[in-house]
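Now for the letters of each chain:
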Amino acid sequence: GENVEQHPSTLSVQEGDSAVIKCTYSDSASNYFPWYKQELGKRPQLIIDIRSNVGEKKDQRIAVTLNKTAKHFSLHITETQPEDSAVYFCAASITPGGGNKLTFGTGTQLKVEL
Amino acid sequence: NAGVTQTPKFQVLKTGQSMTLQCAQDMNHEYMSWYRQDPGMGLRLIHYSVGAGITDQGEVPNGYNVSRSTTEDFPLRLLSAAPSQTSVYFCASRNTGGMNYGYTFGSGTRLTVV
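What counts, and where the lines are drawn
Residues numbered from 1 in each chain as written. Chains lettered and ligands numbered in written order. Predicted model: local features only at pLDDT ≥ 70, side-chain atom pairs only at ≥ 80, totals over all residues. Heavy atoms only, no water. Helix = DSSP H or I, 4+ residues; strand = E, 2+ residues; numbered from the N terminus. Rg over C-alpha atoms; globule rule 2.2 N^0.38 Å. Buried < 20%, exposed > 50% of the residue type's maximum accessible area, 1.4 Å probe, protein only. Contact = heavy atoms within 4.5 Å. Areas by Shrake-Rupley, 256 points an atom, 1.4 Å probe, with all protein chains shown as cover. Pairing = 2+ DSSP bridges. Axes fitted to C-alpha atoms, helices over the stretch in contact; angles between N-to-C directions. Disulfide = S-S within 2.5 Å.

## Examining the overall build of chain A
- When its secondary structure is counted, chain A shows zero helices and eleven strands.
- Ordering the α and β elements of chain A from the N terminus gives β-β-β-β-β-β-β-β-β-β-β.
- Taking 13 Å as the expected radius of gyration for a compact globule of 114 residues, we find that chain A reaches 14 Å, a close match to that expectation.
- Once the C-alpha set of chain A is aligned to its principal axes, its extents read approximately 45 × 30 × 20 Å.
- Burial statistics for chain A: of 114 residues in total, 43% are counted as buried.
- When contacts within chain A are restricted to residue pairs at least 6 apart in sequence, long-range pairs at least 24 apart make up 54% of them.
- Put simply, chain A shows about 5600 Å² of open surface, and 47% of that area lies on carbon and sulfur atoms.

## Regarding the sheet that holds strand S8 (residues 76-78) of chain B
Residues and elements named next belong to chain B.
- Reading across the sheet, the four strands line up as S1-S3-S8-S7 and stay open at both edges, with antiparallel pairing between neighbours. Only two strands of the sheet have a single neighbouring strand rather than two, namely strand S1 (4-7) and strand S7 (64-66). Going across the sheet, the axis of each strand differs from the next one's by a mean of 20 degrees, ignoring polarity.
- As paired elements, strand S3 (residues 19-25) and S8 share three bridges and run antiparallel to each other.

## A look at the sheet that holds strand S8 (residues 72-77) of chain A
Residues and elements named next belong to chain A.
- A sheet is described by the order of its strands in space; here five strands give the open sequence S1-S3-S8-S7-S6, paired in antiparallel fashion. Only two strands of the sheet have a single partner each, and these edge strands are strand S1 (4-7) and strand S6 (56-59). Here the average twist between neighbouring strands, direction ignored, is 15 degrees.
- Bridge count between S1 and strand S3 (residues 19-25): four bridges; the pairing is antiparallel. Bridge pairing in S3 places Gln 6 opposite Cys 23.

## Quick look at the state of the cysteines
Residue and element names in this part refer to chain A.
- If you walk through the whole model with that rule in mind, you get two disulfides over all chains.
- Each sulfur in the disulfide pair Cys 23 and Cys 90 lies 1.9 Å from the other. Taking the torsion about the sulfur-sulfur bond, which here is approximately -100 degrees, the covalent link between Cys 23 and Cys 90 counts as left-handed. You can see Cys 23 sitting in strand S3 and its partner Cys 90 sitting in strand S9 (residues 86-92), a full 67 residues away along the chain.
- Accessibility expressed as a relative area gives 0% for Cys 90, which makes it buried.

Structure (structure tokens):
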């Protein structure tokens, strides 16, 4: 089955700096890559996703890049703010088909320091 | 819309007891899944369903049963609780149509087995 590895497990940045979280996946058939943000004690919430037919997608201060050849994708957050502090999860799936099963990475604890 | 509703929010069980975690969604979503979240291990898929009457196993199905008699409900049953099942459980759902592949998560059930 699919295996998703995520690095780093913790990341501390100064407010205003950029943060980058990287993930690799094992199944070359995977074609959908979402990113979730989870604040302490809350549910995971989708913040951005990318399909395998594009290499980059942006939404204001966040962007995701995908390298299908290398089977890795990354989350980029620019101009970080204290409210960006949370755990971020990457995931991969085969959609449609594949049973719509999302395989998650182990998460990155992002701390934005003032 | 209430979205995805999970009950209870907290539960303490004794080893060997059984219980059912409830999950309901009012978005007419076909796909529903159960995940467990443990520190440092991300979200792991327990069981999933692609429609009423259809369920399948995920990555960690042992000790859990599911059924999907209606589109709205997807309960998770623990037949004989074990301390290893202490975790936070999330139910999630998404639609099959359109280009929105992101899952919507419930608020979670924090289960402790003593």
